[in-house]
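One-letter residues, chain by chain:
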Amino acid sequence: MIEFLDNGKLKKGMLLVDLAHECVVIGRDGWMHSLDPRQPEARVRRLNERYQPASVAELRNELRAEFGRSFEVLSTKHFLVVQPTGRGDRWPRLFEQSHRGFIHYMSKRGVNVRQGRFPMVAIVFPDEQAMYREFKKLDIDPKRVVGLYAGNSNRVMTHDGGSRSAIAATVRHEAAHQSAFNSGVHSRVNDTPRWISEGIGQMFEVAAITDPRGSTRLADRINRESLSLIQRKFTDRHDVRFSQVVMQLISDNTMFENPKQVDEAYAVSWAMMFYLAERQPKSFAKLLNHTAQRPPFADYTRKQRLRDVE
């Protein structure tokens, strides 16, 4: 354990990386911090204490202090949901159902899952403007979105001011990221290929996958938006460009960083992960279990990525 100063507040956490010029620390609240111990303002001090994650009660009190009286903090078995006061239980039910559906789907296919160490935090802002103010404060600069999962803070953030169906799909996508990184399906300290993480996110946008009543029809579990894009872009079953896109996605993350290719990247990633999950579940589990167990803070080279998929 170390003690350090973060935005004027003393915090405690566990050292994950301890270098002369950088410390990577996971706080008791699940935040990931990068500090320069040489800087006096970091005030890094080593402690002779065992690491203990913050309790639900501690974290709830911290969230109440952070967001003030216009918000309430509701708890479920796995979540602390911060939302504008008086919005009912719709958001807590959506997050809890999404997580339970994710764990059930993964476990059924042989993917290793474990109990998370932290209560998962979901923040629901009253409208889009309030959400983007929070993004700016946290130095997050996304494109136009209705929500996201922030890996450093381990929080999902969304808003309650738009189309319910569109927001619900996005929340399921982002909640799948949060569930994956908190249940050991992905690791927060190694490099998960984006075609894997975003392909899974796209899968869980579909309500039927997290429906507690389940769905026996494969057609109900298809992401229609992704499928439609693939059908428009790749009209010929023998189009070699599809396999070229697959190889590019496996090799690196560049398609996700190119505005002209990003929609295609999400759709084809969905197709790849959905095919494996539904038709080759043993390979699906093997791939996820392998990438989750890779060494922490190690580069994942193009050669290694291709070799692992092959």
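Residues numbered from 1 in each chain as written. Predicted model: local features only at pLDDT ≥ 70, side-chain atom pairs only at ≥ 80, totals over all residues. Heavy atoms only, no water.

Draft legend 1. Quick peek at the overall build of the chain. Broken down by element type, the chain carries 12 helices and 10 strands. Relative to the globule expectation of 19 Å for 310 residues, the C-alpha radius of gyration of the chain, 20 Å, shows essentially globular dimensions. Oriented by its inertia axes, the alpha-carbon framework of the chain measures out at about 60 × 50 × 35 Å. Every one of the 310 residues in the chain was classed for burial, and the buried ones make up 49%. Pairs at least 24 apart in sequence give 59% of the contacts found in the chain among residues at least 6 apart. Carbon and sulfur atoms provide 49% of the accessible area of the chain, an area that totals close to 16,600 Å². Considering the chain, the positive charge centre built from 48 side chains and the negative charge centre built from 37 side chains are found 4 Å apart. (Helix = DSSP H or I, 4+ residues; strand = E, 2+ residues; numbered from the N terminus. Rg over C-alpha atoms; globule rule 2.2 N^0.38 Å. Buried < 20%, exposed > 50% of the residue type's maximum accessible area, 1.4 Å probe, protein only. Contact = heavy atoms within 4.5 Å. Areas by Shrake-Rupley, 256 points an atom, 1.4 Å probe, with all protein chains shown as cover. Lys, Arg positive; Asp, Glu negative; His and termini not counted. Charge placed at Lys NZ, Arg CZ, Asp CG, Glu CD.)

Draft legend 2. Main features of the environment of Thr210. Here Thr210 is to be found in helix α6 (residues 207–210). Classification of Thr210 as buried rests on a relative accessible area of 4%. Taking C-alpha positions, Thr210 is 9.4 Å from Ile103, a pair spaced 107 residues apart along the chain. Setting aside chain neighbours within four positions, we find Thr210 in contact with Gln97, Ser98, Gly101, Arg172 and Phe204.

Draft legend 3. Geometry of helix α10 (residues 262–279). Counted at 1.5 Å a residue, the expected span for α10 with its 18 residues is 26 Å, and the 25 Å between its end C-alpha atoms agrees. Among the 18 residues in α10, 14 count as buried, and that is most of the element. (Expected span 1.5 Å × (residues − 1).)

Draft legend 4. Representation of the layout of surface pockets in the model. Taken as a whole, the largest pocket encloses approximately 1,500 Å³ of empty space. Lining of the largest pocket is provided by 44 residues; of these, His173, Glu174, Arg194, Glu198 and Tyr266 occupy positions nearest its centre. Elements represented by at least two residues in the lining of the largest pocket include exactly β9 (147–150), α4 (164–182), α5 (194–203), α7 (224–233), α9 (254–257) and α10. (1 Å grid on protein atoms, 1.4 Å probe; cavity = no way out; pocket = protein on both sides within 12 Å on 5 of 7 lines; lining within 4 Å. Points joined across faces, edges and corners; volume = space filled by probe spheres on them.)

Draft legend 5. Expanded view of empty space enclosed by the protein. The full count for this structure, using the stated rule, is 2 cavities of 30 Å³ or more. In this structure, the largest cavity encloses a volume near 50 Å³. Along its surface, the largest cavity is lined by Asp29, Trp31, Leu59, Pro119, Val121, Ser153, Asn154 and Arg155. Classifying every residue of the lining of the largest cavity by side-chain character gives 4 nonpolar, 2 polar and 2 charged. (Nonpolar A, V, L, I, M, F, W, Y, C, P; charged D, E, K, R; others polar.)

Draft legend 6. Main features of α4. Its 19 residues give α4 an end-to-end C-alpha distance of 26 Å, which sits within 8% of 27 Å, the value for a rise of 1.5 Å per residue. Of all 19 residues that make up α4, 16 are buried, and the element is covered over most of its length.

Draft legend 7. The pattern of salt bridges, seen in detail. Applying the stated rule across the entire model yields 19 salt bridges. Between Glu278 and Arg109 there is a salt bridge, with its nearest N and O atoms 3.7 Å apart. Of this pair, Glu278 sits in helix α10 while Arg109 sits in the loop between α2 (90–108) and β8 (120–125); the two residues are 169 residues apart in sequence, bridging distant segments of the chain. Note on Glu278: relative accessible area 16%, which makes it buried. Residue classification places Arg109 among the buried positions, given a relative accessible area of 16%. (Salt bridge = Lys/Arg side-chain N within 4 Å of Asp/Glu carboxyl O.)

Draft legend 8. Examining the nonpolar core more closely. Of all hydrophobic cores here, the largest spans 38 residues; its most connected members are Met106, Met203, Phe204, Leu249 and Leu288. Counting only elements with at least two residues in this core, the list comes to α2, α4, α5, α7, α8 (240–251), α9, α10 and α11 (281–292). When neighbours within four sequence positions are excluded, Met203 is seen to be in contact with Tyr105, Ile209, Trp270, Met273, Phe274 and Ala277. Counting residues in each nonpolar core, the second largest holds 17 residues, with Phe67, Met131, Leu148 and Ala150 among its members. (Core = buried A, V, L, I, M, F, W, Y, C linked by side-chain atoms within 4.5 Å.)

Draft legend 9. Structural view of the packing of α8 against helix α12 (residues 302–309). Close contact between α8 and α12 brings their axes to 8 Å; oriented N to C, the two are set at 120°. As summarised for this structure, α8 and α12 are arranged oblique, according to the angle between their axes. Contacts between α8 and α12 involve Met247, Leu249, Ile250 and Ser251 on the former and, on the latter, Arg302, Arg305, Leu306 and Val309. (Axes fitted to C-alpha atoms, helices over the stretch in contact; angles between N-to-C directions. Parallel < 35°, antiparallel > 145°, perpendicular 65-115°, else oblique.)

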